[in-house]
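# Secondary and tertiary structure notes
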There are 2 protein chains.
Amino acid sequence: MKPITPGAVVIGQSGGPTAVINQTLIGVVKACLQRPETFTKVLGAVHGISGIMKGEFVDFALEDPANLEVVAQTPSSALKSVRHKATPDDCQKIFARFKELNVRAFFYIGGNDTAETTNIINEMAEKAGYDLACFHCPKTIDNDLRVTDHCPGYGSAAKFVAQAFMGDNLDNRALSGIKVNIVMGRNAGWLTAASALARVHPEDGPHLIYCPEVDFSIQAFCADVEAVYRKLGRCVIAVSEGIHGPNGAELISIGEVDSHGNKQLSGSGALGDALADILKKHLAKVMPEKKHRIRADTFGYLQRCFPGVVSEVDAREARLAGVAAVEAALAGVRSGSIAFKRTDAPYAISTFVTPLPTVAKETKPMPRELINAAGNDIVAEKLLPYLRPIVGQLPAIGQLKGTQKA
Amino acid sequence: MKPITPGAVVIGQSGGPTAVINQTLIGVVKACLQRPETFTKVLGAVHGISGIMKGEFVDFALEDPANLEVVAQTPSSALKSVRHKATPDDCQKIFARFKELNVRAFFYIGGNDTAETTNIINEMAEKAGYDLACFHCPKTIDNDLRVTDHCPGYGSAAKFVAQAFMGDNLDNRALSGIKVNIVMGRNAGWLTAASALARVHPEDGPHLIYCPEVDFSIQAFCADVEAVYRKLGRCVIAVSEGIHGPNGAELISIGEVDSHGNKQLSGSGALGDALADILKKHLAKVMPEKKHRIRADTFGYLQRCFPGVVSEVDAREARLAGVAAVEAALAGVRSGSIAFKRTDAPYAISTFVTPLPTVAKETKPMPRELINAAGNDIVAEKLLPYLRPIVGQLPAIGQLKGTQKA
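Parameters at a glance
- Residues numbered from 1 in each chain as written.
- Chains lettered and ligands numbered in written order.
- Predicted model: local features only at pLDDT ≥ 70, side-chain atom pairs only at ≥ 80, totals over all residues.
- Contact = placed C-beta atoms within 7 Å.
- Helix = DSSP H or I, 4+ residues; strand = E, 2+ residues; numbered from the N terminus.
- Least-squares fit on C-alpha atoms with pLDDT ≥ 70 in both.
- Domains from an automatic or database assignment.
- Nonpolar A, V, L, I, M, F, W, Y, C, P; charged D, E, K, R; others polar.
- Buried ≥ 20, exposed ≤ 12 C-beta atoms within 10 Å, placed from the backbone.
- Pairing = 2+ DSSP bridges.
- Axes fitted to C-alpha atoms, helices over the stretch in contact; angles between N-to-C directions.
- Expected span 1.5 Å × (residues − 1).

### Overview of the interface of chain B and chain A
- Opposite the 60 residues of chain B that make contact, chain A presents 61 residues.
- Looking at the side of chain B that touches chain A, the elements with two or more residues in it are β3 (57-59), α3 (65-72), α6 (154-174), α9 (270-286) and β9 (294-298) of chain B.
- Ranked by residues supplied to the side of chain B that touches chain A, first place goes to α6(B) with nine residues.

Dropping the structure here:
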């Protein structure tokens with residue numbers, strides 16, 4: 001492995017933001033600023049590759065060092081983000097800019113789409129014989145990147161979802177009814193599954209959990225909810241925004257497709273409202289004697305970068321992912337994606353570099369064995385030991401003994 | 001004032017829960033448990049007056065004292081709640097139960113509807129010559145009770161809304177577009193107005209705030225949003241769920257009416273989705289050259305009892321409201337609602353007792369002078385000094401200097 005060619009470094013953030021994505025950014029920035037002989041200029045691309053093409057950069061030498069720590073603790077991409085997959089033409093523009101600025105290291109923070117963009121740029125650099133270190137630093141609240149044990153950004157979003165369900169279960173316990181909550185996660189149920197952490201006392205919700213890894217059936221859903229509701233007089237339900245019928249058949253079509261071919265599932269209450277309507281009609285038929293209180297909330301964008309609801313472990317690991325990428329570049333590794341593995345009980349992780357193509361494009365759904373046979377809950381004894389250390393401590397939830405039977 | 005007749009005490013919680021409603025409950029409970037010679041039995045009515053009628057009580061003497069502090073810090077009515085206005089027939093049943101159990105003090109925690117129920121029971125007791133101390137302890141995230149400076153529960157919900165807008169503004173800054181957020185508050189804009197606390201840096205959202213105190217115009221709304229969007233390339237908007245046209249004309253009808261005559265505005269994404277649709281159509285017409293990213297989130301139930309997002313001042317004051325009610329009863333006051341007044345700069349409060357009819361039924365909207373002339377924003381210099389001490393410290397939000405123009 002030959003040493004990295006001295007020159008400028010460009011750092012970018014791409015895709016949906018997370019609560020800890022700036023920990024990774026500042027991890028990269030500070031590690032680079034410490035080695036001015038190697039990283040002669042530390043540049044942040046504003047709006048990711050879009051900023052590289054337009055020449056919009058932040059020069060980190062001009063930023064207040066104390067403020068960088070405040071930025072690290074602030075949710076959502078401080079360099080602003082982009083949802084745009086590099087075309088061959090874009091890549092030519094990016095290269096022209098990299099050569100112009102003598103850029104010799106590129107760190108791109110994002111999900112699988114971002115890893116793919118990084119991989120394309122890396123392949124292009126290799127083909128052109130231009131010495132460029134190309135690293136992808138993982139981030140996604142979806143926790144769906146391949147290879148790594150888990151993804152920075154997930155722990156904090158999972159903490160938000162867990163606390164949201166804790167509160168909503170208590171709300172539903174106080175004023176009984178049926179409550180449907182729609183959770184983010186287009187292809188993977190990891191974030192929806194984290195709702196299970198809200199269960200503290202017997203009969204706590206969520207009572208049913210639906211992940212996109214299992215085909216969703218309206219009939220089974222109605223029967224599941226009815227059974228819980230007849231037993232407990234209430235029912236709290238976690239539903240992934242990505243649920244679908246057999247062969248990926250859409251349940252509700254909202255329209256709009258972004259340039260990665262993703263459907264817009266967030267930023268609308270349509271799915272939750274549709275499921276609430278279905279339940280209203282079902283219960284009016286099977287339990288006509290009673291008035292039913294049925295509500296839906298769509299957690300929406302709040303769950304991905306809520307200030308003040310951050311997993312400490314997640315923040316620390318997100319920072320580590322940035323530092324590890326710079327260390328790998330300094331050690332002579334030319335490209336890759338930073339991944340975590342668990343090394344110790346009760347909990348510790350180490351980082352390693354995995355080739356970009358192993359993380360790019362494809363995502364990792366939840367293994368089927370973490371979901372119960374009926375497809376309406378997770379398997380707590382398998383999932384929770386994985387989740388708890390990533391999410392960290394949750395608020396204590398007290399209950400009056402005297403209300404347990406009442 | 002004659003001393004309170006020794007006997008049992010009944011405590012209940014009613015209406016929508018808050019994050020600190022159990023601080024008030026435990027404030028009452030602990031103050032009563034300290035005076036066993038006066039309060040011979042301390043009973044919690046499960047599901048408010050419904051539990052009194054059915055005879056469903058928690059005996060606080062049987063609860064673990066250490067657990068009571070955990071309960072105090074747990075959001076949402078630990079005794080469970082009810083949305084039911086006492087009918088004359090109900091009142092007869094409640095009385096029969098009170099006499100049966102020798103209840104001599106009744107503390108009912110809730111909003112204006114709860115104060116009304118407390119008032120009805122108080123009048124009934126007076127009429128029957130039955131010695132009963134009747135107190136209403138305020139709680140509402142809507143902050144719309146008359147007389148008091150502010151309401152327990154509001155500070156914590158305002159903190160949630162402020163933090164939610166902080167995160168959402170950062171999200172919108174990273175991935176530009178138009179974002180509509182629907183905030184709770186049927187008749188009062190206090191909670192929606194708290195979104196203004198999210199503004200830290202220049203150009204931070206929310207850029208527009210719509211409260212129900214001002215008639216909403218679709219035309220003005222479209223023009224307001226378009227102007228911000230043309231200037232900043234993005235726009236974050238806070239909209240109260242209670243907005244309406246002239247003479248209270250409904251913008252979107254969802255249906256369902258509860259026994260207090262309230263329309264169901266929460267638990268559905270309908271209003272946000274409708275406003276997003278209106279903006280999509282408007283911008284497609286006036287800016288057809290560009291693709292517009294328009295999203296809506298409805299904060300829903302999360303904002304009223306989210307564990308871990310609690311204002312410390314609010315928690316302390318909610319406890320105080322419970323203790324003050326018991327102290328008033330012990331001092332010989334027979335009925336009333338606990339209210340706050342500000343006593344000192346920079347911030348301190350004291351409690352006082354106001355007659356039940358001054359708080360029951362009618363609510364207190366935001367004064368018009370706290371809203372700007374155009375009706376699309378609050379008046380920051382008037383509202384924020386009132387809000388900040390109630391909400392307390394918010395997370396620090398960092399921004400890179402280099403992104404301020406980029």
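### Things to note about the relation of the copies chain B and chain A
- Rotating chain B by 180° and moving it 0.0 Å along the rotation axis overlays it on chain A with an RMSD of 0.0 Å. As the rotation angle and translation indicate, the two copies are arranged about a two-fold axis. Considering only C-alpha atoms, the part of chain B nearest the rotation axis is Gly269(B), at 2.2 Å.
- Interface overlap between copies: 100% of the residues of chain B at the interface are likewise at the interface in chain A, consistent with a symmetric, same-surface contact.

### Comments concerning the domain arrangement of chain A
Residues and elements named next belong to chain A.
- Domain boundaries assigned for chain A yield domain 1 (7-141 + 309-358) and domain 2 (157-303 + 367-403).
- Spacing between the C-alpha centres of domain 1 and domain 2 amounts to 34 Å.
- The interface is formed by 14 residues belonging to domain 1 together with 13 residues belonging to domain 2.
- Looking at the side of domain 1 that touches domain 2 element by element, the count peaks at three residues for helix α10 (residues 312-330).
- Across the side of domain 1 that touches domain 2, the residue classes break down as six nonpolar, three polar and five charged.

### A word on the environment of Leu68(A)
All names here are of chain A.
- Tracing the backbone through its elements, the reader meets Leu68 in helix α3 (residues 65-72).
- Since 19 C-beta atoms lie within 10 Å of it, Leu68 is described here as partly exposed.
- Sequence spacing of Leu68 and Asn22 is 46 residues, and the spatial spacing of their C-alpha atoms is 9.2 Å.
- If near-sequence neighbours (up to four positions away) are discounted, Leu68 is found in contact with Ile26, Val29, Lys30 and Glu63.

### Re unusual backbone geometry
- Note that the residue after Gly205(A), namely Pro206(A), is joined by a cis bond; omega there is 5°.
- As for its placement among the helices and strands, Pro206(A) is situated in the loop between α7 (190-193) and β7 (208-210).
- Within the chain, Lys361(B) stands out as a residue other than glycine whose phi angle is a positive 65°.
- The residue Lys361(B) is located in the loop between β11 (348-354) and α11 (380-391) in this model.
- Among the residues examined, Lys361(B) registers 12 C-beta atoms within 10 Å and is labelled exposed.

### Topic: the sheet that holds strand β2 (residues 39-45) of chain A
All names here are of chain A.
- In spatial order, the strands read β3-β2-β1-β4-β5-β10-β11; together these seven strands make up an open sheet with mixed pairing. A single partner strand is all that each edge strand has here, and the edge strands are β3 (57-59) and β11 (348-354). Sheet twist, expressed as the mean angle between neighbouring strand axes with direction ignored, is 25°.
- Two strands pair when backbone bridges link them, and strand β1 (residues 7-13) and strand β4 (residues 103-110) are joined in this way by six bridges, in the parallel orientation.

### Remarks on the sheet that holds strand β8 (residues 235-240) of chain A
Residue and element names in this part refer to chain A.
- Overall, parallel pairing links the four strands, which are arranged β7-β8-β6-β9 in an open sheet. A single partner strand is all that each edge strand has here, and the edge strands are β7 and β9 (294-298). Averaged over all pairs of adjacent strands, the angle between their axes in this sheet comes to 15°, without regard to strand direction.
- Two elements, strand β6 (residues 178-183) and β9, share five bridges in a ladder whose sense is parallel. Its bridge partner being in β9, Asn181 is matched across the sheet by Asp297.

### What to know about helix α5 (residues 112-128) of chain A
All names here are of chain A.
- Compared with an ideal rise of 1.5 Å per residue, which puts 17 residues at 24 Å, α5 spans 24 Å between its outermost C-alpha atoms and is within 8% of the ideal.
- Burial runs high along α5: 12 of the 17 residues are buried.
- Burial in α5 covers these residues: Asn112, Asp113, Thr114, Ala115, Glu116, Thr117, Thr118, Asn119, Ile120, Ile121, Asn122 and Ala125.
- Here the buried face of α5 lies against α2 (49-54), α4 (88-100), β4, β5 (133-138) and β10 (335-344).

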